[in-house]
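# Architecture and fold: a report
These are the residues of each chain, in order.
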Amino acid sequence: MKNKSLVSISDYTRDEILRILELAAFYEANPNQPELKEKVVASLFFEPSTRTRLSFETAINRLGARVIGFTDSSSSSTTKGETLKDTIKMVSNYADLIVMRHPLEGSARYASEQSRVPIINAGDGANQHPTQTLLDLYSIQKTQGTLENLTVFMVGDLKYGRTVHSLLMALSHFNPVFHFVAPKELEMPCEYKAFLRERGIEFYEQKEMNNLEQADILYMTRVQKERFSDPMEYERVKNAYVLRNAMLEKTKENMKVLHPLPRVNEIHTDVDSSEKAYYFQQAENGVYTRMAIISAIMGIK
Ligand code: CP
C-alpha cells in the first residue's frame, strides 16, 4: 500500500482491506496521532461533497499534516481551460498526497498516471468510491462482528451509485449473498453482475423492497439526480423506494441500515431513532478509516 494510489477498491487485496480495517480500529481508539507533521495533502474537489471532504480534512488534521486545495473547481484554473493532466502535474509538485473527487469516470486512474505522488480517489463519476467502501466495510465489521457470509440488500440507484459498485467488489472477498432492489432503469450494470457470476457469488434481483427479514445489512442509496441526462426520467424514479420504520419490524435484531448519505427521501426520518439506523455512525467511521488509508499510503503504519 505504501506510496500506491487508491483508485479502485480492486487495487487492494483481501489482506490489505483487512489491514486498513485493523488500522481504522486503532485510530478510533487513538484519534489524535500527529505522525505526519512534515506532510502536505492536497484536497481537490471538482464535485460537491460534505462527508468525504470534511472527513478527509479531519483525518489529515488529526494526523498532523497540512491541507491545501479547493472545494469548488470554479476557483481553480480549470475555468481558464487548464487540463486535468496539467492541474495534477502542478499539484503533485506541491503536495505529498492528492485526494481527488471528479465527475468523470476514469479521471482518478488518469490522474494517478500523471502524478508524482499517490492519488486517493474520493469518487469518480458513477464509477468507484473506494474510501467509502472501506468505511462501509469497517461499519459492517463493527456491527456484525464479521464480514463473512452476510446477506446484503442494496436498494435504489444501483446504476449510477458508485458506492454500491465498489462495495460489491470488496464484499466479494467474503462470500456474501446480494439482493439488488432497483427499478428497471436503475438496475445494477451488467459488468458488475458478470463480475459476481465469474466468482460464483449468489445474487438476486427484485423490483420490490420485500424479503427484508433475510437481510444482515440494508444498504440504501440516493437516486443520483446529477447523473441523469433526462430530467423526466429522474422524476419517474426519484421516489421509487422510501424506507419507513414500520418496514423494519420483522428484520433481524442486529440488522443495520446503511446509507453513504446524503439522503433525500429514500429513508424517512422516522427510521433515524431506530437502533437499526447506523448511517450517521457510518459517516463518523469515515474519519478513522481515512486516517488508516492515509497512514498506510504514507508508510507510517
Ligand atoms: N458519501 C459521500 O460521498 O458523501 P459526500 O458526497 O457528502 O462526500
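If you're wondering where the values come from, they're calculated on a predicted model, not measured in any experiment. (Residues numbered from 1 in each chain as written. Predicted model: local features only at pLDDT ≥ 70, side-chain atom pairs only at ≥ 80, totals over all residues. Heavy atoms only, no water.)

Looking now at the packing of aromatic side chains. Scanning the entire structure with this criterion turns up seven aromatic pairs. Ring plane angle 70° and centroid distance 5.5 Å describe the contact between Phe-228 and Tyr-234, whose orientation is recorded as edge-to-face. Aromatic rings pair up to connect Tyr-160, Phe-228 and Tyr-234 into one cluster. (Phe/Tyr/Trp six-rings, centres within 6.5 Å; stacked < 30°, edge-to-face > 60°.)

Attention now goes to the environment of Leu-258. Within the secondary structure, Leu-258 is located in strand β9 (residues 256-258). Along the sequence, Leu-258 and Gln-282 sit 24 residues apart, while their C-alpha atoms lie 7.1 Å from each other. Filtering out sequence-adjacent residues up to four positions away, Leu-258 remains in contact with Asp-136, Ile-140, Ile-217, Leu-218, Tyr-219, Met-220, Tyr-278 and Gln-282. (Helix = DSSP H or I, 4+ residues; strand = E, 2+ residues; numbered from the N terminus. Contact = heavy atoms within 4.5 Å.)

Close to the ligand lie Ser-49, Thr-50, Arg-51, Thr-52, Arg-101, His-129, Gln-132, Pro-260 and Leu-261, which account for all nearby residues. A distance of 3.1 Å separates a nitrogen atom of the ligand from a polar atom in the backbone of Leu-261. Protein contacts shield 91% of the accessible area of the ligand, which totals 260 Å² for the unbound molecule. Its residues assigned to classes, the shell around the ligand shows two nonpolar, five polar and two charged. (Near = heavy atom within 4 Å. Polar contact = N/O pair within 3.5 Å; in protein donor to acceptor, adjacent residues only side chain to side chain. Areas by Shrake-Rupley, 256 points an atom, 1.4 Å probe, with all protein chains shown as cover. Nonpolar A, V, L, I, M, F, W, Y, C, P; charged D, E, K, R; others polar.)

It is worth spelling out the UniProt feature "domain: Aspartate/ornithine carbamoyltransferase Asp/Orn-binding" (unreviewed entry) in the chain at this point. Here, the residues flagged by UniProt with the feature "domain: Aspartate/ornithine carbamoyltransferase Asp/Orn-binding" (unreviewed entry) are residues 149-296. Between the first and last C-alpha atoms of residues 149-296 the distance is 27 Å; the span itself is 30% helix and 15% strand. (UniProt positions renumbered as here; feature names shortened; annotations may be inferred.)

When the UniProt feature table is mapped onto this chain, "binding site: L-aspartate" (unreviewed entry) is found at Lys-80, Arg-162 and Arg-222. Taking the farthest pair of C-alpha atoms as the criterion, the annotated set spanning 143 residues is dispersed, since that pair is 32.9 Å apart. Structurally, Lys-80 is set in the loop between β2 (66-70) and α3 (84-94). Of the residues examined, Lys-80 reaches a relative accessible area of 71% and is grouped as exposed. (Buried < 20%, exposed > 50% of the residue type's maximum accessible area, 1.4 Å probe, protein only.)

The next thing to look at is the environment of His-129. Along the chain, the position of His-129 falls in the loop between β4 (119-124) and α5 (130-144). On the basis of relative accessibility, which here comes to 4%, the residue His-129 falls in the buried class. Apart from the residues lying within four places of it in its own chain, the contact partners of His-129 are Thr-52, Arg-101, Ala-122, Gly-123, Arg-162, Thr-163, Ser-166 and Arg-290. A polar contact is formed between the side chain of His-129 and the side chain of Arg-101, at a distance of 3.2 Å.

Within the largest apolar cluster, 59 residues are counted, with the highest numbers of intra-cluster contacts made by Leu-134, Leu-137, Met-154, Leu-168, Phe-178, Phe-180 and Ile-294. Here this core takes nine residues from helix α9 (residues 279-298), the largest share from any one element. For this core, the two domains that each supply at least three residues are domain 1 (9-128 + 286-298) and domain 2 (130-283). Ignoring any residue separated from it by four or fewer positions in sequence, one finds Phe-180 in contact with Met-154, Leu-158, Leu-168, Met-188, Leu-196, Phe-203, Tyr-204, Glu-205 and Gln-206. Residues Phe-153, Ala-215, Met-220 and Met-255 belong to the second largest nonpolar core, which totals 18 residues. (Core = buried A, V, L, I, M, F, W, Y, C linked by side-chain atoms within 4.5 Å. Domains from an automatic or database assignment.)

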